[in-house]
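Descriptive analysis of the structure
Listed below, chain by chain, are the residues.
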Amino acid sequence: MAQCPLCNSLYEIEVYCPNCKNKLEDSGKVSDYLDPYGHYNDEETVKMGDGYPNTAKDQICPHLMVCRECSYDEVRFIREI
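What comes next concerns the included structure.

What counts, and at which threshold
- Each chain has its residues counted from 1, following the order in which its sequence is written.
- Side-chain atom pairs in this predicted model are given and counted only at pLDDT of 80 or more, local residue features only at pLDDT of at least 70, and totals for whole chains, interfaces and linings cover all residues.
- Think of the side-chain values as coming from all heavy atoms in the structure, minus any hydrogens and water.
- Note on pairing: DSSP must find at least two bridges between two strands before they are called paired.
- Helix and strand labels come from DSSP, where a helix needs a run of H or I of at least four residues and a strand needs a run of E of at least two; each type is numbered from the N terminus.
- An axis is simply a line fitted to the C-alpha atoms; with a helix, the fit covers only the stretch in contact. Between two such axes, the angle follows the N-to-C directions and lies from 0 to 180 degrees.
- What makes a nonpolar core is a set of buried Ala, Val, Leu, Ile, Met, Phe, Trp, Tyr and Cys residues whose side-chain atoms join them at distances within 4.5 Å.
- Think of it in three bands: with a 1.4 Å probe and only protein chains considered, a residue is buried below 20% of the maximum accessible area for its type, exposed above 50%, and partly exposed in between.
- The contact criterion used throughout is that any non-hydrogen atoms of two residues lie within 4.5 Å.
- Here, a salt bridge means any side-chain nitrogen of Lys or Arg that lies within 4 Å of a carboxyl oxygen of Asp or Glu.

Re the sheet that holds strand E2 (residues 60-66)
The strand order E1-E2-E3 describes an open sheet built from three strands, whose pairing is antiparallel. Of all strands in the sheet, those with a lone pairing partner are strand E1 (25-29) and strand E3 (73-79), marking the two edges. Taken over all neighbouring pairs, the strand axes of this sheet differ in orientation by 35° on average, direction set aside. As defined by bridge partners, E2 adjoins E3 across seven bridges and the pair is classed as antiparallel. Bridge assignment links Cys61 to a residue of E3, and that residue is Ile78.

Below, the structure written as structure tokens:
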């Protein structure tokens, strides 16, 4: 079973804000914001309801990246290993 390297602290991502050039903070999986009890479900069930149709098939984990300076945010798709 594939694992997200960010969720499992195997590495950190370094992405910068296109507006103010500050480093974006990894705010975790998008699915954590959609269902507060979703972490009790298995990962495949969570991926079926995360709003992205190919996360399970493509083995990617959508993470919310946020700029604490200007409030810019974006979703980055992290390849699972």
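A closer look at the nonpolar core
Judged by nonpolar contacts, Cys4, Leu6, Ile13, Val15, Cys17, Leu24, Cys61, Met65, Cys67 and Ile78 together constitute the single largest core of ten residues. Setting aside anything within four residues of it in sequence, one finds Cys17 in contact with Asn22, Leu24, Cys67, Cys70 and Tyr72.

Some thoughts on the pattern of salt bridges
Counted according to the given criterion, the structure contains three salt bridges. Notably, a salt bridge pairs Arg68 with Glu25, separated by 2.9 Å at the nearest N-O pair. Linking Arg68 in the loop between E2 and E3 with Glu25 in strand E1, this pair joins segments that are 43 residues apart in sequence. Judged by its relative accessible area of 37%, Glu25 is partly exposed. Between Lys57 and Asp58 there is a salt bridge, with its nearest N and O atoms 3.1 Å apart.

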